[in-house]
Amino acid sequence: MAKRDYYEVLGIDRSVSETELKRVFKKLARKYHPDVNPGDAKAEERFKEISEAYAVLSDAEKRRKYDAMGHAAFGGGSPWGEGAPPGMEDILRDIFGGVFGGARGGAGHGGFHAQPQAPRRGQDVNYSMEIGFDDSLKGLNTTITVPKTTQENGKIQHTTERIQVKIPPGVSNGSRIRLAGKGEASLNGGPQGDLFIVTKVREHPFFERKGDNLYLELPVSLGEALLGARVEINTFEGVTKMTIPPSTQNGQVFRLSGKGAPKLKGSGKGDLFVRIQVLLPDQMDEESKEIVRELESRNPTSPRANMTGVSM
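As the structure is a computational prediction, the values presented were derived from the model and not from experiment. (Residues numbered from 1 in each chain as written. Predicted model: local features only at pLDDT ≥ 70, side-chain atom pairs only at ≥ 80, totals over all residues. Heavy atoms only, no water.)

Put simply, the largest pocket is a space of about 720 Å³. Along the wall of the largest pocket there are 19 residues; nearest its centre are Leu222, Leu226, Leu295, Glu296 and Thr301. For the lining of the largest pocket, the elements supplying multiple residues, two or more each, are helix H7 (222-227) and helix H8 (286-298). If you tally residues by element for the lining of the largest pocket, the top one is H8, at 5 residues. Residue composition of the lining of the largest pocket, grouped by class: 11 nonpolar, 7 polar and 1 charged. (1 Å grid on protein atoms, 1.4 Å probe; cavity = no way out; pocket = protein on both sides within 12 Å on 5 of 7 lines; lining within 4 Å. Points joined across faces, edges and corners; volume = space filled by probe spheres on them. Helix = DSSP H or I, 4+ residues; strand = E, 2+ residues; numbered from the N terminus. Nonpolar A, V, L, I, M, F, W, Y, C, P; charged D, E, K, R; others polar.)

Here it is in structure tokens:
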């Protein structure tokens, strides 16, 4: 029987990227791996086929030759002869983190066989958790429900499990919290996998976070900007007082050291950067306008002096 096109085997386009190639192979390998389909010869043969296709297309040089000549580039047979593609066990370990034991040439089959006699580590589980902005800075204790796979009498059972989770202070979008041994159970007596909590932090209406620093647009009145003031800022640690010096300009930035986010790795906190936003009155009566005119006459300024002589 003629060998199928490698791109057809994986169900992908010839312009597929390396990232998408790995994603597709990972999905198919999980479905057809002999550990998941014990005694299923068709699944084993399918796993051999997709592994061979991936081993060629993930190698830049082999893929170049295959794209130019097809299977004829390897004499119409396997690029490496009989048995498993060299390095396939390392490829599987790299993609699945040791969930499967890889593949080897099987006696009498010239193909792939699982190694059930060697206990293998259970599958790692990723769990996405959305948390509030304040919780990301203060930390959080909560309970989550995650899927759980067990094996009873040779049959795979899918259930759920409730787990206590402690989110440390300082996590941000994409932070990964590892809970050792809380992942999938091994299907043949190996150690249990790990559970990774991946955090997604909701946006705050006023604060913005960049790294360990926090940023805040602080509205102040015209009088506070001109005369100075002592204002209060509500942070995740409570109320922080800040001094606005007299004659503070709109857009001026002040730095409050150690008032930012806790450092997830290490100790200490980032800083809080406060940008002043002077709010002007929406309307003024005639008397107020006269006061402004007098203010201008008593305190003359040249706001556009440095633009003199500058042309477009």
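Taken residue by residue, the chain gives an average pLDDT of 84. The fraction at 70 or more is 81%. For the chain, strand E1 (residues 104-105) is the element with the lowest average pLDDT, namely 40, and strand E12 (residues 253-256) is the one with the highest, namely 97. Long-range and interchain partners of residues 101-111, a stretch whose pLDDT sits below 50, account for 32 contacts in this model, where long-range means more than four residues apart. (pLDDT = per-residue confidence, 0-100. Contact = heavy atoms within 4.5 Å.)

A separate point is helix H2 (residues 18-32). Compared with an ideal rise of 1.5 Å per residue, which puts 15 residues at 21 Å, H2 spans 21 Å between its outermost C-alpha atoms and is within 8% of the ideal. Taken as a whole, H2 has its buried residues at Leu21, Val24, Phe25, Leu28, Ala29 and Tyr32. Each buried residue of H2 lies within a common arc of 130° when the element is viewed along its axis, so the set occupies one face. Residues of H2 that are exposed and point over 90 degrees away from its buried face: Thr19, Lys27 and Lys31. (Expected span 1.5 Å × (residues − 1). Buried < 20%, exposed > 50% of the residue type's maximum accessible area, 1.4 Å probe, protein only. Arc of directions from axis to C-beta.)

As a rule of thumb, nonpolar side chains are buried together in soluble globular proteins. Ile197, Leu218, Met242 and Ile276 are the most contacted members of the largest nonpolar core, which totals 35 residues. Contacts of Leu218, omitting those with residues within four sequence positions, involve Val231, Ile233, Met242, Ile244, Val274, Arg275, Ile276 and Gln277. Residues Val9, Leu10, Ala29 and Tyr32 belong to the second largest nonpolar core, which totals 21 residues. (Core = buried A, V, L, I, M, F, W, Y, C linked by side-chain atoms within 4.5 Å.)

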